[in-house]
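Working through the structure, step by step
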Amino acid sequence: MLEITFVTDFVCPYCLVGKVALQEAIRATGIEATLKIQPMELTEEPKPRVDTYHDPVRREKYKILDEPAKALGLDMKIPPNVVPRPYTRLAWEGWFFAKKKGLGDPYSDLMYRAYFIDEKDIGDIDVLVALAESIGLDGVEYRNALDSGTYYEAERMASNYSRHNLEVKGIPTLFINGHRVKMSDYSIDAAIELLKNPPSEDVTNNSVGCGPDGCCGAVMPKADSNDGCGPDGCHF
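The sections below set out a description of the structure shown in this document. The structure displayed is predicted, hence computed values, not measured ones. (Residues numbered from 1 in each chain as written. Predicted model: local features only at pLDDT ≥ 70, side-chain atom pairs only at ≥ 80, totals over all residues. Heavy atoms only, no water.)

1. Quick word on the pairing of strand β2 (residues 33-39)
The sheet contact formed by strand β1 (residues 2-8) and β2 spans seven bridges and is parallel. Residue threonine 8 lies in a different strand from β2, and its bridge partner there is proline 39. At this point the chain moves from β1, through helix α1 (residues 13-29), to the parallel β2, and the crossover so formed is right-handed. (Pairing = 2+ DSSP bridges. Helix = DSSP H or I, 4+ residues; strand = E, 2+ residues; numbered from the N terminus. Right-handed = clockwise from strand over helix to strand, strands pointing away.)

2. Looking at the pattern of salt bridges
Applying the stated criterion across every chain, the model contains 13 salt bridges. Close ionic contact of arginine 27 with glutamate 24 constitutes a salt bridge, the shortest N to O distance being 2.7 Å. Here arginine 27 and its partner glutamate 24 are both found in helix α1, three residues apart, which amounts to about one turn of the helix. Here aspartate 55 makes a salt bridge to arginine 58, at a shortest N to O gap of 2.5 Å. A residue is classified by how much of its surface remains accessible, and arginine 58, at 14% relative accessible area, is buried. (Salt bridge = Lys/Arg side-chain N within 4 Å of Asp/Glu carboxyl O. Buried < 20%, exposed > 50% of the residue type's maximum accessible area, 1.4 Å probe, protein only.)

3. Overview of the pairing of strand β3 (residues 173-176)
Burial along β3 is two-sided: Thr173 and Phe175 facing one way and Leu174 and Ile176 facing the other are all buried. Direction of pairing for β3 relative to strand β4 (residues 179-182): antiparallel, over a ladder of four bridges. Counted as the bridge partner of isoleucine 176 is histidine 179 from β4. Counting the residues in the hairpin turn of β3 and β4 gives two residues, including asparagine 177, whose phi is positive at 50°.

4. Focus: the packing of helix α4 (residues 89-100) against helix α5 (residues 104-116)
Running from amino to carboxyl end, α4 crosses α5 at an angle of 155°, the nearest separation of the two axes being 8 Å. In terms of orientation, α4 and α5 fall into the roughly antiparallel class. Between α4 and α5, the contacting residues are Leu90, Ala91, Gly94, Trp95, Ala98 and Lys99 on the first element and Gly104, Tyr107, Ser108 and Met111 on the second. In the contact of α4 with α5, the residues fall into six nonpolar, three polar and one charged. (Axes fitted to C-alpha atoms, helices over the stretch in contact; angles between N-to-C directions. Parallel < 35°, antiparallel > 145°, perpendicular 65-115°, else oblique. Contact = heavy atoms within 4.5 Å. Nonpolar A, V, L, I, M, F, W, Y, C, P; charged D, E, K, R; others polar.)

5. Examining the layout of surface pockets
Computed from the structure, the largest pocket encloses a volume of approximately 170 Å³. For the largest pocket, the lining is made up of 13 residues, of which Val181, Lys182, Ser184, Ala190 and Leu194 are closest to its centre. Those elements giving two or more residues to the lining of the largest pocket turn out to be β4 and α9 (188-196). Of all the elements, α9 adds the most residues to the lining of the largest pocket, at four residues. Split by residue class, the lining of the largest pocket holds seven nonpolar, three polar and three charged. (1 Å grid on protein atoms, 1.4 Å probe; cavity = no way out; pocket = protein on both sides within 12 Å on 5 of 7 lines; lining within 4 Å. Points joined across faces, edges and corners; volume = space filled by probe spheres on them.)

Structure follows, in structure tokens:
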């Protein structure tokens, strides 16, 4: 049994493609694996939200996802026309609510797709309530949980754990049976290779992904490299 911790945020395009590739690889191989979502907000309040839609540099770098997304049947808008990019704290608080109701997995799948395929503002509580109701959650109970901050501390602790305890510099970052690895290729074949040959130690392979204040397609030769995406943004 493989235990996969997937550090992610709902507004990271690499995370959506990577997660679907892993899900398809698990189905294709029949390998027993659990895929555990570990939240990490890319932009935490009150830091300014970014405009990815009108950023030509980001738009160019996202092109690395065009082919793998198409192969997975994902009609993604990369980047989506949601300006500025939403904070995801409320969406993650809603995920904790959904998990308690046994709907954490469909909820997380829905959040990525709502943002990248349907171009919905998943930072808007009314949008979130409608999405929650679409998978069978009680909208009134869900709204009350977000309004009252029922899962605020749980969300903050989870995101801080990713940043400070796991020391994640860019997402998606995976831990397979406890060993850190990044996805350098978002294809099903690459995901299958990861499942069939899981790392026996931490791997600092070349990768592309999102850093805590913006997504980019920079190459990160090492987890602690000065190139790529890090806590203070992207560096080239």
